Amino acid sequence: MPRSVNSVAKRARRKKVLKQAKGYFGRRKNVWTVAKNAVDKAMQYSYRDRRNKKRTFRSLWIMRINAGARQHGMSYSKFMGGLKSNNIDLNRKVLADLAMNHPEAFEAIVNKVK
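Described below are features of the structure shown in this document. What you see is a predicted model, and the numbers here were worked out from it, not measured in a lab.

Conventions used here
Residues numbered from 1 in each chain as written. Predicted model: local features only at pLDDT ≥ 70, side-chain atom pairs only at ≥ 80, totals over all residues. Heavy atoms only, no water. Core = buried A, V, L, I, M, F, W, Y, C linked by side-chain atoms within 4.5 Å. Buried < 20%, exposed > 50% of the residue type's maximum accessible area, 1.4 Å probe, protein only. Helix = DSSP H or I, 4+ residues; strand = E, 2+ residues; numbered from the N terminus. Contact = heavy atoms within 4.5 Å. Patch = residues over 30% accessible without salt bridge, like charges linked within 9 Å, V, L, I, M, F, W, Y side chains within 5 Å. Areas by Shrake-Rupley, 256 points an atom, 1.4 Å probe, with all protein chains shown as cover. Salt bridge = Lys/Arg side-chain N within 4 Å of Asp/Glu carboxyl O. Lys, Arg positive; Asp, Glu negative; His and termini not counted. Charge placed at Lys NZ, Arg CZ, Asp CG, Glu CD. Axes fitted to C-alpha atoms, helices over the stretch in contact; angles between N-to-C directions. Parallel < 35°, antiparallel > 145°, perpendicular 65-115°, else oblique. Left-handed = near helix turned anticlockwise from the far one by under 90°. Phe/Tyr/Trp six-rings, centres within 6.5 Å; stacked < 30°, edge-to-face > 60°. Arc of directions from axis to C-beta.

Re the nonpolar core
A general tendency of soluble globular proteins is for nonpolar side chains to be buried together.
Right, on to step 1. Core analysis: the largest hydrophobic core is formed by 16 residues, its most contacted members being Ile-65, Phe-79, Leu-83, Leu-95 and Phe-106.
Right, on to step 2. Elements that contribute at least two residues to this core include exactly helix H2 (32-71), helix H3 (76-85), helix H4 (92-101) and helix H5 (103-113).
Right, on to step 3. Phe-79 has contacts with Ile-65, Ala-69, Met-74, Leu-95, Phe-106, Ile-109, Val-110 and Val-113, leaving out every residue within four places of it along the chain.

As for a positive patch on the surface
Right, on to step 1. The grouping of Arg-3, Lys-10, Arg-13, Arg-14 and Lys-16 at the surface amounts to a positive patch.
Right, on to step 2. Mapped onto the secondary structure, Lys-10 falls in helix H1 (residues 7-20).
Right, on to step 3. Residue classification places Lys-10 among the partly exposed residues on the basis of a relative accessible area of 43%.

Notes on the pattern of salt bridges
Right, on to step 1. Applying the stated criterion to the full structure yields one salt bridge.
Right, on to step 2. For Arg-48, the salt bridge goes to Asp-49, with nearest N and O atoms at 2.9 Å.
Right, on to step 3. By relative accessible area, which is 42% here, Arg-48 ends up partly exposed.
Right, on to step 4. The class of Asp-49 is partly exposed, set by a relative accessible area of 32%.

Section: the packing of H1 against H2
Right, on to step 1. Relative orientation of the contacting elements H1 and H2 amounts to 60°, with a least axis distance of 9 Å. Between H1 and H2, the interaxial angle falls into the category oblique. The interaxial crossing formed by H1 with H2 has left-handed handedness. Contact residues: Arg-13, Arg-14, Val-17, Leu-18 and Gln-20 in H1; Trp-32, Ala-35, Lys-36, Val-39 and Met-43 in H2.

A word on the packing of aromatic side chains
Right, on to step 1. As enumerated under the stated definition, the model contains two aromatic pairs in all.
Right, on to step 2. Here Phe-57 and Trp-61 contribute two aromatic rings whose centre-to-centre distance is 6.0 Å and whose plane-to-plane angle is 40°, an arrangement assigned as tilted. Here the residue Phe-57 and the residue Trp-61 both occupy positions in helix H2, the gap between them amounting to four residues, near one helical turn.
Right, on to step 3. Classification of Phe-57 by relative accessible area gives partly exposed; the value is 41%.
Right, on to step 4. What makes Trp-61 partly exposed here is its relative accessible area of 23%.

Some points on unusual backbone geometry
In most cases, non-glycine residues show a negative phi, while peptide bonds are predominantly trans.
Right, on to step 1. Phi is positive for Asn-87, close to 55°, though the residue is something other than glycine.
Right, on to step 2. Locating Asn-87 in the fold gives a position in the loop between H3 and H4.
Right, on to step 3. Residue classification places Asn-87 among the exposed positions, given a relative accessible area of 64%.

Re H5
Right, on to step 1. Within H5, the full set of buried residues consists of Phe-106, Ile-109, Val-110 and Val-113. Projected down its long axis, H5 shows its buried positions confined to an angular sector of 100°, all on one face. Facing away from the buried surface of H5 by more than 90 degrees, the exposed residues are Glu-104 and Lys-112.
Right, on to step 2. Packed against the buried residues of H5 are H2, H3 and H4.

Below, the structure written as structure tokens:
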């Protein structure tokens, strides 16, 4: 009995991967085996970095808050401790935005904490 193959599905699978590899450099964009490996690796990186992005942004916010607090003679840890003790519930994202784009509002918060 002849072997049955599903060429339509096979071609569709390969086209899907090659479409995902669009924009890659060299053989990574048009050779099936190389493109498949490149796309698999890219998917692993994207899965990992969706989680890492949250850590990266948190550390960026902390740096910005620290810089803003030090301009007014406070360290980051003293500033955050003062916020907690004064029951000021602003998250790091908002505080970093205030420190960068609204320094007068951030200064008011620092003065309230002091």
